[in-house]
Amino acid sequence: MPVRTTDSSVSGRGRGVGLGLALLSAVAFGGSGVAAKPLIEAGLDPLHVVWLRVAGAALVMLPLAVRHRALLRRRPGLLAGFGLLAVAGVQACYFAALSRIPVGVALLIEYLAPALVLGWVRFVQKRPVTRAAAVGVVLAVGGLACVVEVWSGLGFDALGLLLALGAACCQVGYFVLSDQGSDAGEEAPDPLGVIAYGLLVGAAVLTVVARPWTMDWAVLQGTASMDGRPVAAVVLLAWIVLVATVVAYVTGVVSVRRLSPQVAGVVACLEAVIATVLAWVLLGEHLSAPQIAGGAIVLAGAFIAQSSTPSKGSGKPVASGGPEKELARRGTSA
């Protein structure tokens, strides 16, 4: 006798896949700093590392851009916005902020993005949000303060703080734009095409900002030190391009389509925890007791936010946006 698949079971599986992809994206994004830091210490400018990351990923995704070239005519605004905000804006604002304020402070401000996403949903889109989702965001941000040990350096620089806040706003753009058109059924823009063109736009913008023609290319021919162990610079660059950018963006955008911008945003807070743990394991940067406790708080906040918010197929007026068609029914390429 065939087993009947209910809407709730389909929804649950889609949600589980979405959460898995969001976690994979957080791991991939979180590993970027561990690979980038040895390259910077070997002599590359931080902005040059960012340019190599985005330009390399754009080349990898170029065949997909050609395949989805119809998006240039159908959704030019979405492609330009994704490239300017989700790719170039986040990277440029964050690294510019690092030159003026402590890393921990910049990272904490950038990860105010989930709270800003909730504000966008509530006050711009005029949709209700659950109290539990808001509690999850508060816990996640509080945990991040412990993970980055924000109290270790609180130098006040107005421009630096504004740049970090700019990175947070651009990250909001990443989550909101990733969800654009996801309820359009078969007409929804393919996420791979959006990412491919976003990376191309981002690479073009960052070329002007980073000026790669001034880069010391010889660094890529040598080795970099990872906690005293020599690693080929080109291997680290390959990790940054293929895993920390291509895999990170693809899984991140698809997870937003299966969940919602605000839930995926809270799960993305785990990136800072993962980055800290990887730095502990691979770079010998040991965690303190407050950092470990903060990581646990971030996990709790992410769990509360995602478990309390019904999937997109739910008709309840909650943070995930109310009555929308179940993703599994839409048959999108996501």
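Reading the values: the criteria
- Residues numbered from 1 in each chain as written.
- Predicted model: local features only at pLDDT ≥ 70, side-chain atom pairs only at ≥ 80, totals over all residues.
- Heavy atoms only, no water.
- Buried < 20%, exposed > 50% of the residue type's maximum accessible area, 1.4 Å probe, protein only.
- Helix = DSSP H or I, 4+ residues; strand = E, 2+ residues; numbered from the N terminus.
- Pairing = 2+ DSSP bridges.
- Axes fitted to C-alpha atoms, helices over the stretch in contact; angles between N-to-C directions.
- Parallel < 35°, antiparallel > 145°, perpendicular 65-115°, else oblique.
- Left-handed = near helix turned anticlockwise from the far one by under 90°.
- Contact = heavy atoms within 4.5 Å.
- Nonpolar A, V, L, I, M, F, W, Y, C, P; charged D, E, K, R; others polar.
- Polar contact = N/O pair within 3.5 Å; in protein donor to acceptor, adjacent residues only side chain to side chain.

Enquirer: Is there a simple way to think about the pairing of strand E1 (residues 223–226) in this case?
Expert: The side chains of a regular strand alternate, first on one face of the sheet and then on the other. Along E1, the buried face is formed by Ala224 and Met226; none of Thr223 and Ser225, which line the opposite face, is buried. Of the pairings in the sheet, the one linking E1 to strand E2 (residues 229–232) comprises four bridges and is antiparallel in character. Paired with Thr223 across the strands is Ala232, a residue of E2. Counting the residues that bridge the hairpin from E1 to E2 gives two residues, and of these Asp227 lies at a positive phi of roughly 55°.

Enquirer: I tried to follow unusual backbone geometry on my own but got confused; where do I start?
Expert: Note: most peptide bonds trans; most residues except glycine with negative phi. One non-glycine residue, Arg211, lies in the positive phi region at around 50°. If you trace the backbone, Arg211 turns up in the loop between helix H10 (191–210) and E1. Since its relative accessible area comes to 48%, Arg211 is described here as partly exposed.

Enquirer: What am I meant to see in the packing of helix H5 (residues 76–98) against H10 here?
Expert: Packed helices, taken two at a time, are described by the angle between their axes plus the distance between the axes. Two elements in contact, H5 and H10, have axes whose closest approach is 7 Å; the angle formed by their N-to-C orientations is 55°. One element, H5, and the other, H10, form an angle in the oblique class. Seen from above, H5 lies across H10 with right-handed handedness. For the pair formed by H5 and H10, the contact residues are Leu78, Leu79, Ala80, Phe82, Gly83, Leu84, Val87, Ala88 and Ala92 on the first element and Gly193, Val194, Ile195, Tyr197, Gly198, Leu199, Val201, Gly202, Val205 and Leu206 on the second. Residue composition of the contact of H5 with H10, grouped by class: 15 nonpolar, four polar and no charged.

Enquirer: Teacher, can you tell me more about the side chain of Ser178 here?
Expert: Relative to the helices and strands, Ser178 is located in helix H9 (residues 158–178). Looking at Ser178, its side chain comes within polar contact range of the main-chain oxygen of Tyr174, at 2.5 Å. Non-local contacts of Ser178, meaning those with residues more than four positions away in its chain, are made with Phe82, Gly173, Val253, Val256 and Arg257.

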